[in-house]
Amino acid sequence: MFNQERDYNKFTWNDLGDLDQGRPNLGMKIPVLFYRLLQYTWRDVMITELGVDKANEIIIKAGKLAGAQFCENMLNRDLEFNEFVAQLQQVLKEEAVGILRVEKADLENMRFILTIAEDLDCSGLPTTNEVICQYDEGFIAGIFESYTGKLFSAKEIDCWASGDRVCRFRVNLLEDY
Amino acid sequence: MIEESIEKLATLLQGKIPDKIETEIITNEEHRHLATMLNQIFEFMQETHEFIEPLSKGDLHEISMQPKNFLSSPFKELHSRLRHLTWQTEQVAQGDYNQRVDFMGDFSEAFNSMITALDNNEKQLKRKIDELEKALTHIKTLEGLLPICANCKKIRVDDDNPKDQKSWSQIEAFLTKKTNAQFTHTICPECMKKLYPDFSQG
């Protein structure tokens, strides 16, 4: 099923498997290094095979898929926005994904500025003068899309890798673009 | 060039941002490289200074800074945290007590305790208001003029027909209906004397 040819995404939360059954001794957690090892080797190979733009496009799409499934399965989407954000902040902290902070929320126009500190993807990477959290861009957009039922875009404007010590994202309703 | 660089660095150490060194006129390649790097430091210092000054006055407007300015990055982080706190405080002011500050040391603890205290106080106040409103409702049920029979002390219910005997009820029945009070019957000493003189002597 995983290797089935297809032109649509069919990933669901169930594809992650039953970890209680599958890893009774080793448990749920793995070190961040192994997460990054996976992400940055895939990125490296995708860039050599497909080029930077296509690789980033794929990473964003994957992030979006993950964000939407994460929201659907780990968050209560019936909450009001502020409660939802508080819940998201709590879950991301508990799961050691990052420290979410909302800087601005314009609910009328659906425009937001968020930061993620100690980000799983990039915190501590060497400064390379570029933003590199494309997976987070997709992940955040996916969460917003799943929560609101509308299309969103998340764009990273500051990144640890660009020397900013914090990852800052501008999240807008897609119609704005 | 070295003399000019020392002069510029001295200016910087005196708290002023010096003008950049003119690199185009330097012929020695190593000197030009050094001057370029010094200029970069001056630029970073200027940018950092321009950022911190409004920040120190509480101005949290959006800022843009060139990447790799490592001097500014801790301030950018601080700026981000302050903007987040501002947003959270706004939400708390609107009555949202779900907000929590994470990983900001003693401040997190103080802020989170404040939110919990505000939440508890508001809940307590709401409970008190609720109790008072209920008491007020009881008071209202008994306020105003009550028509009472001068002889048998029966009370006429609300606006019922005064000529209809069914409109009149015993005071116990009236109060039980209007309030949560319940009655238990006994006999006062004076009535005891009248009704049961033999028993009342002791």
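Within every chain, residues take consecutive numbers counted from 1 along the sequence as written. As a convention, the first chain written is A and the first ligand written is 1, with the rest following in written order. Only residues with pLDDT of at least 70 are given local features in this predicted model, and only at 80 or more are side-chain atom pairs given and counted; all residues enter the totals for whole chains, interfaces and linings. Excluding hydrogens and water, the side-chain figures rest on all heavy atoms present in the structure.

A.B. asks: Even after reading the chapter, I still don't get the sheet that holds strand 2 (residues 111-117) of chain A, so can you show me in this structure?
C.D. replies: Across a sheet, strands are paired by hydrogen bonds formed along the backbone, either parallel or antiparallel in direction. All names here are of chain A. Here we have 4 strands laid out as an open sheet, ordered 1-2-4-3, and antiparallel in their pairing. Either end of the sheet is taken by a strand with one partner, and the two such strands are strand 1 (99-106) and strand 3 (152-158). Pairwise comparison of adjacent strand axes, ignoring direction, gives a mean angle of 20° for this sheet. For two strands to be treated as a pair, DSSP must find no fewer than two bridges joining them. The helix and strand labels rest on DSSP assignments: H or I over at least four residues marks a helix, E over at least two residues marks a strand, and numbering proceeds from the N terminus. For strand 1 and strand 2, the ladder comprises 7 bridges, and the chain directions are antiparallel. Note that in strand 2 the partner of Asp-106 across the bridge is Arg-111. Interaxial angle, 0 to 180 degrees, is taken between N-to-C directions of lines fitted to C-alpha atoms, where a helix line uses only the stretch in contact.

A.B. asks: Just to check I follow, could you spell out the interface of chain B and chain A for this structure?
C.D. replies: Each side of the interface is counted separately: chain B has 23 residues, and chain A has 26 residues. Note on terms: buried area is the combined drop in 1.4 Å-probe accessible area of two parts once they are placed together, counting the loss on both. For the chain B and chain A pair, buried surface summed over both sides reaches about 2300 Å², with 47% attributable to carbon and sulfur atoms. What makes a salt bridge here is a side-chain nitrogen of Lys or Arg within 4 Å of a carboxyl oxygen of Asp or Glu, nothing more. Here chain B and chain A share 5 salt bridges between them. Two residues, Lys-76 of chain B and Asp-158 of chain A, come together in a salt bridge whose shortest N-O distance is 2.8 Å. Under the rule applied, a polar contact is a pair of N or O atoms within 3.5 Å (in protein, one hydrogen donor and one hydrogen acceptor; residues adjacent in sequence only if both atoms are side-chain atoms). Joining chain B to chain A, the criterion identifies 15 residue pairs in polar contact (both at pLDDT 80 or more). Should any heavy atoms of two residues lie within 4.5 Å, those residues are counted as being in contact.

A.B. asks: Please explain the layout of surface pockets as it appears in this structure.
C.D. replies: Leftover empty space is mapped by rolling, across the atoms, a probe with the size of a water molecule. All names here are of chain A. When its volume is computed, the largest pocket comes out at roughly 2100 Å³. The method works on a 1 Å grid over the protein atoms by themselves. A cavity is a set of points holding a 1.4 Å probe that cannot get out, a pocket is an open set with protein on both sides within 12 Å along at least five of seven lines, and residues with an atom within 4 Å of a point line them. Lining the largest pocket are 45 residues, and of these Leu-16, Tyr-35, Leu-38, Ala-66 and Tyr-135 lie nearest its centre. Those elements that provide at least two residues to the lining of the largest pocket are helix 2 (32-50), helix 3 (52-74) and helix 5 (134-148). Grid points are joined across faces, edges and corners, and a volume is the space filled by probe spheres set on the points.

A.B. asks: What's the story with the pattern of salt bridges in this structure? I'm lost.
C.D. replies: Pairs may arise between side chains of opposite charge once their charged atoms sit close together. The final tally for this structure, using the stated rule, is 17 salt bridges over all chains. Close ionic contact of Lys-54 of chain A with Glu-57 of chain A constitutes a salt bridge, the shortest N to O distance being 3.3 Å. One end of the pair, Lys-54 of chain A, and the other, Glu-57 of chain A, are both in helix 3, 3 residues apart, so they sit about a helical turn from each other. The buried label goes to any residue with under 20% of its type's maximum accessible area, the exposed label to any with over 50%, and the partly exposed label to all in between, with areas taken from a 1.4 Å probe on protein chains only. For Glu-57 of chain A, a relative accessible area of 36% translates into the label partly exposed. A salt bridge links Lys-61 of chain A to Glu-57 of chain A; the shortest N-O distance between them is 3.6 Å. Of the two residues, Lys-61 of chain A and Glu-57 of chain A are both situated in helix 3; the distance of 4 residues between them amounts to about one turn of the helix. Each member of the salt-bridge network shares a partner with another, and the members are Glu-103, Asp-158, Asp-164 and Arg-168 of chain A together with Lys-76 and Arg-83 of chain B.

A.B. asks: I keep staring at the pairing of strand 2 of chain A and nothing clicks. Help me out?
C.D. replies: When a strand is regular, its side chains alternate between the sheet's two faces. Residue and element names in this part refer to chain A. Strand 2 sits mainly inside the fold: 6 of its 7 residues count as buried. Here 6 bridges tie strand 2 to strand 4 (residues 167-173), and the two strands are oriented antiparallel to one another. From the neighbouring strand, Leu-114 faces strand 4, where its bridge partner is Phe-169.

A.B. asks: I tried to follow the confidence of the model for chain B on my own but got confused; where do I start?
C.D. replies: Low pLDDT marks stretches whose predicted atomic positions should not be read closely. Residues and elements named next belong to chain B. Per-residue confidence from the prediction method is given by pLDDT, with values spanning 0 to 100. Of all residues in chain B, 97% have pLDDT values of 70 or greater, and the mean over the chain is 86. Averaged pLDDT values over the elements of chain B bottom out at 79 in helix 7 (residues 197-200) and peak at 90 in strand 2 (residues 168-169). Scored as a whole, the predicted complex attains pTM 0.71, and scored at its interfaces, ipTM 0.70.

A.B. asks: Looking at this model, I keep getting lost on the packing of aromatic side chains. Mind explaining?
C.D. replies: We describe a pair of aromatic rings using the distance from one ring centre to the other and the angle between the two ring planes. Residue and element names in this part refer to chain A. Each aromatic pair joins two rings of Phe, Tyr and Trp (for Trp, the six-membered one) with centres within 6.5 Å, and gets the label stacked for planes under 30 degrees apart, edge-to-face for over 60, and tilted for any other angle. Taken as a whole and assessed by the stated rule, the structure comprises 7 aromatic pairs over all chains. Pairing Phe-81 with Phe-112 gives two aromatic rings, centres 5.1 Å apart and planes at 25°, and the pair type is stacked. In this pair, Phe-81 is assigned in helix 4 (residues 81-94) and Phe-112 in strand 2, connecting sequence segments 31 residues apart. Of the two residues, Phe-81 and Phe-112, neither departs from the other in class, the shared state being buried. Measuring from centroid to centroid gives 6.4 Å for Phe-112 and Phe-152, while their planes differ by 40°, and the two rings are tilted. Remark: Phe-152 occurs in strand 3 and Phe-112 occurs in strand 2; sequence separation between them is 40 residues. Taking relative accessible area as the criterion, Phe-152 reaches 1% and is therefore assigned buried. Chaining the aromatic ring pairs together yields one cluster made of Phe-81, Phe-112, Phe-144 and Phe-152.

A.B. asks: Quick question: what am I supposed to make of the packing of helix 2 (residues 29-56) of chain B against helix 3 (residues 73-93) of chain B here?
C.D. replies: Two quantities define a packed helix pair, namely the angle between the helix axes and the distance between the axes. Residues and elements named next belong to chain B. Following both chains from N to C, one finds helix 2 and helix 3 inclined at 30°, their axes separated by 11 Å at the closest point. Classified by the angle between their axes, helix 2 and helix 3 sit roughly parallel to one another. The handedness of the crossing between helix 2 and helix 3 is left-handed. Along its contact with helix 2, which presents Thr-48, Phe-51, Ile-52 and Leu-55, the element helix 3 presents Phe-75, Lys-76, Leu-78, His-79 and Leu-82. To sort the angles, those under 35 degrees are grouped as roughly parallel, those over 145 as roughly antiparallel, those from 65 to 115 as roughly perpendicular, and the leftovers as oblique. Handedness of a crossing follows from how the near helix is turned relative to the far one, being left-handed for an anticlockwise turn of less than a right angle and right-handed for a clockwise one.

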